[in-house]
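Chains, contacts and geometry: an overview
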Amino acid sequence: MRVDVVTIFPEYLAPLDLSLIGRARAAGILDVAVHDLRTWTSDVHRTVDDTPYGGGPGMVMRPEPWGEALDAVASPDGSPGSEPPHLVVPSPAGVPFTQPLAHALAGESRLIFACGRYEGIDQRVLDYAAERMPVTEVSLGDYVLFGGEVAVLVILEAVVRLLPGVLGNADSLVEESHADGLLEAPVYTKPAQWRDLPVPEVLRSGDHGKIARWRRDQSLLRTAGRRPDLLPALPPQALDKRDRAT
Ligand code: 6GU
């Protein structure tokens, strides 16, 4: 997968060199380039923002540098039949970022992230891009960040770990929170007794049927307690009669 990130703060993306993402890059699974938006300014002050039409607080990112940047970064790589990149724009006004969206983005061969700051990017940049490539504005949740850079780190971490060859154990993708629309059950390791707290007896019983049932119940109870919004969103077959008893 090829990823281009356009930002006025390239240093913010330094963590992409670390850890599992850094390893995916070293293994050739992921190719990331971070670009400074100011490369595509033409005035001496390298201005990227201006006051909003219609008035109001804050500043809006000007369309010209963004247009030049996206023209340059999205230009076809020359290989015949190559798909257009998918433009991802982090924004508190976007669609919620979820595990299904992470899976969808993991299926793309090219992603471009456009990091807005201030009140956002002139809407015409997104309208123009949407005529030429898929564009998705994505939100991490119902709160406001200074800009899209940290959101890119979050989104890429969720996407890159889904790429084939990045995680050692494919089972961990099947068993994790959100894989089946429920939160994961609590986990324990040795020692069996820590301070005055024992590991739940069932997990030490060796009865795999009972363990699976206990984990399923814990998932259901956790989800009902912490994320009741997830339950109506489950597909109809997701809960059997035994689940409904929990
Ligand atoms: Cl993706 N960007 C910004 N700037 N703020 C956010 C967000 C994204 N998600 C939640 N708040």
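Conventions used here
Residues numbered from 1 in each chain as written. Predicted model: local features only at pLDDT ≥ 70, side-chain atom pairs only at ≥ 80, totals over all residues. Helix = DSSP H or I, 4+ residues; strand = E, 2+ residues; numbered from the N terminus. Domains from an automatic or database assignment. Pairing = 2+ DSSP bridges. Axes fitted to C-alpha atoms, helices over the stretch in contact; angles between N-to-C directions. Buried ≥ 20, exposed ≤ 12 C-beta atoms within 10 Å, placed from the backbone. Near = placed C-beta within 6 Å. Nonpolar A, V, L, I, M, F, W, Y, C, P; charged D, E, K, R; others polar. Core = buried A, V, L, I, M, F, W, Y, C linked by C-beta atoms within 7 Å. Contact = placed C-beta atoms within 7 Å. Expected span 1.5 Å × (residues − 1). Arc of directions from axis to C-beta. pLDDT = per-residue confidence, 0-100.

Quick look at the environment of proline 76
Looking at the secondary structure, you find proline 76 in the loop between α2 (63–74) and β5 (86–96). Counting along the chain gives 52 residues from proline 76 to alanine 24, while the straight-line C-alpha distance between them is 24 Å.

Digging into the domain arrangement of the protein
We note that the domain assignment places domain 1 (2–160) and domain 2 (177–245) within the protein. Here domain 1 and domain 2 have C-alpha centroids that lie 37 Å from each other.

Comments concerning the sheet that holds strand β7 (residues 135–139)
The five strands are arranged β2-β1-β6-β5-β7 in an open sheet whose pairing can be described as parallel. Two strands lie at the open edges of the sheet, namely β2 (31–36) and β7, each paired on one side alone. Sheet twist, expressed as the average angle between the axes of neighbouring strands with direction ignored, equals 30°. When strand β1 (residues 2–7) meets strand β6 (residues 110–114), the two strands line up parallel, connected through five bridges. Looking across to β6, one finds that aspartate 4 is bridged to isoleucine 112.

Notes on unusual backbone geometry
Trans peptide bonds make up most of the peptide bonds, and negative phi angles are found at most residues other than glycine. A cis amide bond links lysine 190 with the next residue in sequence, proline 191, at an omega value of 5°. Positive phi is not limited to glycine here, since histidine 178 has a value of about 80°. Relative to the elements of secondary structure, histidine 178 occurs in the loop between α6 (171–175) and β8 (193–194). A positive phi angle, near 50°, is found at arginine 195, a position not held by glycine. With respect to the element layout, arginine 195 can be found in the loop between β8 and β9 (197–198). In this structure arginine 195 comes out as exposed when scored by C-beta crowding, with 6 C-beta atoms within 10 Å.

Some details on the site of the ligand
As a structural note, the neighbourhood of the ligand is formed by 14 residues, with Pro90, Pro92, Leu140, Leu145 and Ala151 the closest of them. The set of elements that each furnish at least two residues to the shell around the ligand consists of β5 and β7. For the shell around the ligand, the element with the most residues is β5, which contributes four residues. A breakdown of the residues in the shell around the ligand according to their chemical character gives eight nonpolar, six polar and no charged.

What about the nonpolar core?
In terms of nonpolar packing, the biggest core is built from 40 residues, with Val5, Val88, Phe113, Ala114, Val152, Ile155 and Leu156 touching the most fellow members. With sequence-adjacent residues up to four places away left out, alanine 114 is seen in contact with Val6, Trp66, Leu87, Val89 and Ile121.

With respect to α2
For an α-helix the count is 3.6 residues per turn, leaving residues at separations of three or four pointing the same way. The end-to-end C-alpha separation of α2 is 16 Å, in line with the 16 Å expected for 12 residues at 1.5 Å each. Of all the positions in α2, only Pro65, Trp66, Ala69 and Leu70 are classed as buried. Down the axis of α2, the sector holding all buried residues measures 125°, keeping them to one side.

What to know about the confidence of the model for the protein
On average, residues of the protein score 94 in pLDDT, and 98% of them reach the 70 mark or higher. Under the prediction, the complex receives an ipTM of 0.95, its pTM being 0.93.

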